[in-house]
Amino acid sequence: GNMVEWCLPQDIDLEGVEFKSMASGSHKIQSDFIYFRKGLCFGLACFANMPVESELERGARMKSVGILSPSYTLLYRYMHFLENQVRHQLEMPGHYSHLEAFYDDKKGVLPDSKGTPTSQQPVHWLPSIHRYMYPEMKITHPAGCMSQFIKFFGEQILVLWKFALLRKRILIFSPPPVGVVCYRVYCCCCLANVSLPGLGGTVPESKPFFYVNVADIEMLETEVSYVACTTEKIFEEKRDLYDVYVDNQNVKTHHEHLQPLLKINSADKEKYRRLNDQRQMLMYSQEVGEDCSSCEEDLFILFFMEQNNRIFQTLMEVSASQDKTLTADHARGMGLDPQGDRSFLMDLLEVYGIDVMLVIDNPCCT
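The shown structure was predicted, so the numbers you read here are calculated from the model rather than taken from an experiment. (Residues numbered from 1 in each chain as written. Predicted model: local features only at pLDDT ≥ 70, side-chain atom pairs only at ≥ 80, totals over all residues. Heavy atoms only, no water.)

A. View of the packing of helix H2 (residues 79-91) against helix H3 (residues 97-106). Between H2 and H3, the shortest axis-to-axis distance is 10 Å and the interhelical angle comes to 150 degrees. Relative to H3, the element H2 lies roughly antiparallel. For the pair H2 and H3, contact is made by Phe 81, Gln 85, His 88 and Gln 89 and by His 98, Leu 99 and Phe 102, respectively. Here the contact of H2 with H3 is composed, by residue class, of three nonpolar, four polar and no charged. (Axes fitted to C-alpha atoms, helices over the stretch in contact; angles between N-to-C directions. Helix = DSSP H or I, 4+ residues; strand = E, 2+ residues; numbered from the N terminus. Parallel < 35°, antiparallel > 145°, perpendicular 65-115°, else oblique. Contact = heavy atoms within 4.5 Å. Nonpolar A, V, L, I, M, F, W, Y, C, P; charged D, E, K, R; others polar.)

B. Region of interest: unusual backbone geometry. In this model, Leu 8 is joined to Pro 9 through a cis peptide bond whose omega is -10 degrees. Inspection of the secondary structure assignment puts Pro 9 in the segment before helix H1 (17-20). Positioned with a positive phi, Arg 167 is a non-glycine residue whose angle comes to about 60 degrees. Within the element layout of this structure, Arg 167 appears in the loop between helix H5 (156-165) and strand S4 (169-173). The backbone of Lys 324 sits at a positive phi, close to 50 degrees, despite the residue not being glycine.

C. Quick peek at the pattern of salt bridges. All told, the structure shown has 15 salt bridges when counted by the stated rule. Here Lys 162 and Asp 268 are joined by a salt bridge, their closest N and O atoms 2.9 Å apart. Here Asp 268 lies in helix H8 (residues 266-287) and Lys 162 lies in helix H5, a separation of 106 residues in the sequence. Taken as a pair, Lys 162 and Asp 268 share a single burial class, namely buried. Notably, a salt bridge pairs Asp 277 with Arg 273, separated by 2.6 Å at the nearest N-O pair. Placement of the pair is Asp 277 and Arg 273 together in helix H8, with a separation of four residues, close to one helical turn. Overall, the relative accessible area of 36% leaves Asp 277 in the partly exposed class. Taken together, the salt bridges that share partners define one network made up of Lys 233, Glu 236, Asp 247 and Lys 252. (Salt bridge = Lys/Arg side-chain N within 4 Å of Asp/Glu carboxyl O. Buried < 20%, exposed > 50% of the residue type's maximum accessible area, 1.4 Å probe, protein only.)

Written as structure tokens, this is what we have:
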């Protein structure tokens, strides 16, 4: 099995990290990177696999070099260092001086694994509207991770958007490499961003767990909301652990009441068209040199944040009105399909505890 060969500081609790930092099935690939969560910390590890002429190592030497931090937003900055170090460890096992120097240079005060310090703030992952404050996770793909996410899922991102906004437990399955799938977890979380003050104090935080494996089952059993990815097919059978299962581009749910949310309706198609129009305009303005400051990451996050803000602004206004009645016109004004999004709206009101009466009737059959 996997084992932790070396770490600093030596007294830190790293139970299970040897399985989080090396995805199941990694022996079939040459290299990968992996984001994961360990207690209150987030980790990034780079994996590499090198053939060796050694019977003891069964012809292959595999290692991961990783770091833990209370926040995941800056981990990507050290990806290049970790990639170099894992190669170094494969070629010269047991030489840790570079890692020691890195730790001495970067070390900070890590939160207690039990979260005991009262000054310890909760980990806030939600991107802020200010572009320098949200995660600048750039994928190794030059087009950026949001672009890759949109191309991969197409209109299905509107289905994921609804599930993310409803704070469902979303599990994404994919065989290795898992690095690109960790970015899909991040993008999924960005879909649910809301910047209105005073909203959702009682709503569960949607947490990016990044990579999970069978060792995380006990922990996942207690979670009411998360987004995670795995390379282990066994999870598909453990239906009590998730609400939504994403197998490559196929989004599915075993909950009957969530089935209507899988259908793409006319309002979803319109949103997707608008998103693509805005992307085309951004690309054009970059080509003609008018705008070099905006990037697709900003556009994607702002598009969904504005959409979410519009929905919640309307719902809060209606709940503060005298008759508290939400009509088909309200739904259209929020960019939703009065009929197609009826069950989504009902779930939304329940999850966020908004006191509104829905008077959108189901279309009658003649």
